[in-house]
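Residues per chain are reported as follows:
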Amino acid sequence: NEILAYGADSLQASGAIGPAFLLTQNSTKSTSTLFNPTGIVFDTSGTLWVANYYSIVAYHTATLAKAQANGVGNPLVPPDLVLTNAQAAGTEADGGLYNQYVYQYLAFDSAGDLWATVQNYTNGPVTSQIIEFSPTELGALATNSQPTPIFTINQPSDQGAGFSGWSGIAFDSKGNLWAGSHLAAPNLYRFPVSTLTGSGMAEIG
C-alpha cells in the first residue's frame, strides 16, 4: 500500500536506490486513503492519478512535494481529488470494507479523458469493464466525486464468465485504445478510435 518515486539523478546507476518520495496509507481503509494501488498515470499538468481499489485518487504536484521520503515530508499526505462510485465499498459482518467496484488500470487519451478498467460486481457475477470520464467531470470532482462514465466497454461477449479481467490499457498515436486481458484469457485487444463513442461493447479491430 505504497507509491514510491525515484529521482532522475538516482536512476543513473543500478544498486540500492532509495526513493525520493513516498506515499502510503494510514490504518483506515477508505476511498480517500491508499489501499491496493494498481494503475498509475500522470496527466499533462503533472497531477498523479492512482487506481486505488475503492477509488481513483489524484495528487497535484504541490501535494506530491509534501511526500518526500527523506524525513522532511509526510507520506500520509491525503489526495487532492477522489473519484469513486456509490457501490465502491460496503460493510462486512466484521465491520471491514469490501468492494463491489474495483478500479485497476488507467490511461489518458489525447483529449484529456481518463479511462479506467474496473471489476464490477454490482449486478451479480463480475463484469470487467473499461470506463471513460471527461475532462469536465474530472475538473468537477471537488464537488461531485461520483461522476457517471460517459462511455463503457464491456468484456468480450465471446469470453463469457471465463474472462478474468482487463489489465493494462494504453492509447497509440492515432487514438486507438489497446487493452490486455490476463489469466485465463491472455489476449491483446485493439479498439479503433472510430468505435470509442456511444456505450457498450466497442468493435475489436
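Could you clarify how one ought to interpret the packing of aromatic side chains in this entry?
Two measures describe an aromatic ring pair: the distance that separates the ring centres and the angle between the ring planes. Scanning all chains against the criterion turns up nine aromatic pairs. Aromatic side chains Tyr53 and Tyr54 sit 4.8 Å apart centroid to centroid with 80 degrees between the ring planes, which places their arrangement in the edge-to-face category. Exposure remark for Tyr54: the relative accessible area of 1% places this residue in the buried category. Centre to centre, the rings of Tyr101 and Tyr103 are 5.3 Å apart; their planes meet at 70 degrees, and the pair counts as edge-to-face. The same class applies to Tyr101 as to Tyr103, namely buried. Cluster of aromatic residues (ring-pair linked, three or more members): Phe35, Tyr53 and Tyr54.

Help me understand the sheet that holds strand 14 (residues 177-181), please; the structure alone is not making it clear to me.
Pairing between the strands of a sheet is mediated by backbone hydrogen bonds and can be parallel or antiparallel. Overall, antiparallel pairing links the three strands, which are arranged 13-14-15 in an open sheet. Two strands close off the open sheet at either side, each with one partner strand: strand 13 (166-171) and strand 15 (188-191). Within the sheet, the average angular offset between the axes of one strand and its neighbour, ignoring direction, is 20 degrees. Bridge count between strand 13 and strand 14: four bridges; the pairing is antiparallel.

Could you clarify how one ought to interpret unusual backbone geometry in this entry?
Across the chain, the bulk of peptide bonds are trans and the bulk of non-glycine residues have phi less than zero. Located in the positive-phi region is Asn36, a residue other than glycine, with phi close to 55 degrees. Its place among the elements puts Asn36 in the loop between strand 2 (21-24) and strand 3 (40-42). A relative accessible area of 41% means that Asn36 is categorised as partly exposed. The phi angle at Tyr53 is positive, at roughly 65 degrees, despite the residue not being glycine. The topology assignment puts Tyr53 in the loop between strand 4 (48-51) and strand 5 (56-59).

Conventions and cut-offs
- Residues numbered from 1 in each chain as written.
- Predicted model: local features only at pLDDT ≥ 70, side-chain atom pairs only at ≥ 80, totals over all residues.
- Heavy atoms only, no water.
- Phe/Tyr/Trp six-rings, centres within 6.5 Å; stacked < 30°, edge-to-face > 60°.
- Buried < 20%, exposed > 50% of the residue type's maximum accessible area, 1.4 Å probe, protein only.
- Pairing = 2+ DSSP bridges.
- Helix = DSSP H or I, 4+ residues; strand = E, 2+ residues; numbered from the N terminus.
- Axes fitted to C-alpha atoms, helices over the stretch in contact; angles between N-to-C directions.

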